[in-house]
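# What the coordinates show
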Amino acid sequence: MQLIDLHMHSTYSDGTDTPAELVELALEKNLVAMALTDHDNVGGVAEAMRAAEGKPIEVITGVEISCEYVIPPQAGRDSRKKEIHILGYGMDIENPKLLEALQFARDERDNRNKKMCRNFEEAGYDMISYDTLMERFGGETIARPHFARLLMEAGVIPSINAAFSEGGLLANDSPLYVFRTYLTPEQGIRAIREAGGVAVLAHPMMYKLSVSEIHRMLGELIDFGLEGIEALYSRNKGTDEAFVRKLAHEFDLFITGGTDYHGRNKPDLEIGWGEGDLRVPAMILSNLHKRLAGTE
């Protein structure tokens, strides 16, 4: 069975492999197609495509845009804000509107990073400073895994995952964490579509929404132009994949899949080979190609 991987990250965001190294890893695993989906950044896509020239693998342009979805109040609960990720595929990576949206997202992430650095320094974690982050990772889209790497190297935490677990220094409920300004889902999806791409909701089960909440969210995102949903994903558990496939059928969405490979920042994942027995068959690529061609 031919395999693909449509979700991975490079040194242009919070992965530890260069785009060219990702292509080589994909070739070693005999993948026939891959998409580089760095956070709010398409800077590495051209490098990946050059590395794949003349080789038996298709590189699809990709990105993963962080957006903020507002869950409306219901059943006595106040409205809540949830970070969700929109994957884009097949875009023109030089499209001005797309690049403008991604630059906004990176600028807001950078502002958040500066505030978090001050929090860590004031809390006595001297190994964390904005200057240190820029010196070590300045060519990348700096995110929380970069903070975690410095903390782990200093012996403060035993692993990168420990920083994000409940009560961890980088968890959303940590007093050191800082929320940032996000693109809205409508803005993220519009940026992808204006660049000629198709928008896909990444790892829907990771948002911990109720069935009614995820149905409502999908209805809204489809109104904005969402066309796909990531059904095959490394962190799916139990019946998660079956549930997402059912959602895809109910909402007429095509499905995609990927490992969310980050290199050493997620050491339990391999490119093309996710947690458990995840394998993404190449046959699902046909629906993406049809959408990009406008034939479905």
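Our subject in this report is the structure included herewith. In this numbering scheme, every chain counts its residues from 1 along its sequence in written order. The model is predicted, so local features are restricted to residues of pLDDT at least 70 and side-chain atom pairs to those at 80 or more, both for listing and for counting; the totals for chains, interfaces and linings are taken over all residues. Side-chain figures throughout are based on the complete set of non-hydrogen atoms in the structure, without hydrogens or water.

On to the layout of surface pockets. Grid points spaced at 1 Å and placed over the protein atoms alone form the basis of the search, with a cavity being a set where a 1.4 Å probe fits but cannot get out and a pocket an open set showing protein on both sides within 12 Å along at least five of seven lines. Lining residues have an atom within 4 Å of a point. Grid points are joined across faces, edges and corners, and a volume is the space filled by probe spheres set on the points. Looking at the largest pocket, its volume works out to about 1,400 Å³. Taken together, 40 residues line the largest pocket, and the ones lying closest to its centre are H85, R144, F164, N172 and M206. A run of H or I in DSSP becomes a helix once it reaches four residues, and a run of E becomes a strand once it reaches two; helices and strands are each numbered from the N terminus. Contributing elements (two or more residues each) for the lining of the largest pocket: strand 3 (58–71), strand 4 (80–89), helix 3 (96–122), helix 5 (144–153) and helix 6 (160–164). Considering each element in turn, the lining of the largest pocket owes the most residues, four residues, to strand 4. Charged means Asp, Glu, Lys or Arg here, nonpolar means Ala, Val, Leu, Ile, Met, Phe, Trp, Tyr, Cys or Pro, and polar covers whatever is left, Gly included. Taken together, the residues of the lining of the largest pocket break down into 12 nonpolar, 10 polar and 18 charged.

Further remarks concern the pairing of strand 5 (residues 198–201). Along any regular strand the residues' side chains alternate between the sheet's two faces. Partly exposed residues are those whose accessible area sits between 20% and 50% of the maximum for their type, while under 20% is buried and over 50% is exposed, using a 1.4 Å probe and protein chains only. Burial along strand 5 is two-sided: V198 and V200 facing one way and A199 and L201 facing the other are all buried. The rule for pairing is simple: two strands pair if DSSP sees at least two bridges between them. Where strand 5 lies against strand 6 (residues 226–233), three bridges are found, and the strand directions are parallel. What sits directly across from L201, in strand 6, is I229. Call a crossover right-handed when, viewed with both strands pointing away from you, the route from the first strand across the helix to the second goes clockwise. For the segment spanning strand 5, helix 8 (residues 211–224) and strand 6, crossover handedness is right-handed.

Our focus in this paragraph is unusual backbone geometry. Residues other than glycine seldom take positive phi values, yet D40 does so here, at roughly 55°. Along the chain, D40 falls in the loop between strand 2 (31–36) and helix 2 (45–52). Using a relative accessible area of 0% as the deciding quantity, one classes D40 as buried.

Let us now look at helix 9 (residues 240–251). Helices are assigned an expected span. That span is 1.5 Å times one less than the residue count. An ideal rise of 1.5 Å per residue puts 16 Å on 12 residues; helix 9 measures up with 16 Å between its terminal C-alpha atoms. Considered for burial, the residues of helix 9 that qualify are D240, V244, L247 and A248. The buried residues of helix 9 occupy an angular sector of 100° when projected down its axis, which confines them to one face. In helix 9, the exposed positions angled more than 90 degrees off the buried face are occupied by A242, K246 and H249. Arc, as used here, means the arc of the directions from the helix axis to the C-beta atoms.

What makes a nonpolar core is a set of buried Ala, Val, Leu, Ile, Met, Phe, Trp, Tyr and Cys residues whose side-chain atoms join them at distances within 4.5 Å. Counting residues in each nonpolar core, the largest one holds 54 residues, and the members touching the most others are I84, I86, Y89, L201, M217, L226 and I229. With six residues, the top contributor of residues to this core is strand 3. By definition, residues are in contact when any of their heavy atoms lie within 4.5 Å. The residues contacting L201, other than those within four sequence positions of it, are I84, H85, I86, Y207, M217, L218, L221, L226, G228, I229 and E230.

Looking now at the environment of R80. Residue position: R80 is located in strand 4. The spacing of R80 and V70 is 10 residues in sequence and 5.7 Å in space, taken between C-alpha atoms. In this structure, R80 is in contact with Y69, V70, I71 and E213, ignoring residues within four places of it in sequence. A polar contact is formed between the side chain of R80 and the side chain of E213, at a distance of 2.2 Å. In protein, a polar contact requires one atom able to donate a hydrogen and another able to accept it; more generally it is a pair of N or O atoms within 3.5 Å, and residues adjacent in sequence count only if both atoms are side-chain atoms.

All right, on to the packing of aromatic side chains then. A pair of Phe, Tyr and Trp rings is counted when the ring centres sit within 6.5 Å of each other, with Trp represented by its six-membered ring. The angle between the planes then sorts it: under 30 degrees is stacked, over 60 is edge-to-face, the rest tilted. Per the stated rule, a full pass over the model turns up three aromatic pairs. Between F120 and Y125 the ring centres are 5.7 Å apart and the planes differ by 65°, which places this aromatic pair in the edge-to-face class. Centre to centre, the rings of Y177 and F179 are 4.8 Å apart; their planes meet at 80°, and the pair counts as edge-to-face. The rings of F120, Y125 and F147 are connected pair by pair, giving a single aromatic cluster.

Glancing now at helix 10 (residues 285–293). Taken residue by residue, helix 10 has L285, L288 and R291 as its buried positions. The buried residues of helix 10 occupy an angular sector of 125° when the element is viewed end-on, so they sit on one face. Positive phi appears at G294, one or two residues downstream of helix 10, with a value of about 75°.

It is worth spelling out the sheet that holds strand 8 (residues 280–281) at this point. Ordered by their spatial adjacency, eight strands build an open sheet running 7-6-5-4-3-2-1-8, and the pairing between neighbours is mixed. Strand pairing shows two members of the sheet lacking a second neighbour, strand 7 (254–258) and strand 8, which therefore form its edges. Examined bridge by bridge, strand 1 (residues 3–5) and strand 8 share two bridges and lie antiparallel to one another. Pairing of I4 across the sheet is with V280, part of strand 8.

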